[in-house]
Amino acid sequence: GDSVSLTGEAVFTKPTRLALHVKGTLPLDALEGSLASEGPVSRLAGKADVDLSIRHEHTTRYEGRVELREAGATLTAFPHPLEQVTGAVLLREGRIEAPELSLRVKEQPITLSAALELQKEPRLSALVRLPQGQLQWVSRTTPEQLLIDEATLSLTVSRLTVTGTMDRTPPGASNLNA
């Protein structure tokens, strides 16, 4: 069966100190009860092999590796569930990295490489490879906005179909540059 070992110490004084090491296989659906009701993830499934150090004195720091095996997740900001997610997620001080995750969305195979730099304005860079092409993405986040610094969609076969109506004199310029 699945097992997780937890070693370390916790001191419950002010300030609280924590130094733990978690190692083992974790069924991800066991974490669903701890997901925030209005958070970015609403469902988890599958398993993860975890080798993670957690330290907390004034801030919490995570370092280690989580190997996802046939995992699944539903994200509140994405209309389709992520299925069959397999690959490593590396946690380092100030950075979360997924060097190469394979997954499926609506039966479509996708390969994702991404890095999230945890700073005052978190920075996300990603490469999403699809059978039809790829999307490269660099952005920053603020509490109010996702700021796209650069996004490039490259398709093996490009075709654009536009339908609708448009005023001859538009009321103003768009904030999106292409």
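Above this text is the structure in question.
What you see is a predicted model; the values in this text were computed from it and never measured.

**Description of the sheet that holds strand 3 (residues 41-56)**
- On the basis of which strands lie adjacent, the open sheet formed by ten strands has the order 1-2-3-4-5-6-7-8-9-10 and antiparallel pairing. Two strands close off the open sheet at either side, each with one partner strand: strand 1 (4-11) and strand 10 (146-155). When the angles between neighbouring strand axes are averaged without regard to direction, this sheet yields 15°.
- As judged from the 14 bridges shared by strand 3 and strand 4 (residues 60-75), these two strands associate in the antiparallel manner. Paired with L44 across the bridge in strand 4 is A73.

**Observations regarding the environment of P15**
- Positionally, P15 belongs in the loop between strand 1 and strand 2 (17-27).
- Of the residues examined, P15 reaches a relative accessible area of 46% and is grouped as partly exposed.
- For the pair P15 and E57, spaced 42 residues apart in sequence, the C-alpha to C-alpha distance is 6.6 Å.
- If we ignore the near neighbours within four places in the chain, the residues touching P15 are E57 and H58.

Conventions adopted
- Residues numbered from 1 in each chain as written.
- Predicted model: local features only at pLDDT ≥ 70, side-chain atom pairs only at ≥ 80, totals over all residues.
- Heavy atoms only, no water.
- Pairing = 2+ DSSP bridges.
- Helix = DSSP H or I, 4+ residues; strand = E, 2+ residues; numbered from the N terminus.
- Axes fitted to C-alpha atoms, helices over the stretch in contact; angles between N-to-C directions.
- Buried < 20%, exposed > 50% of the residue type's maximum accessible area, 1.4 Å probe, protein only.
- Contact = heavy atoms within 4.5 Å.

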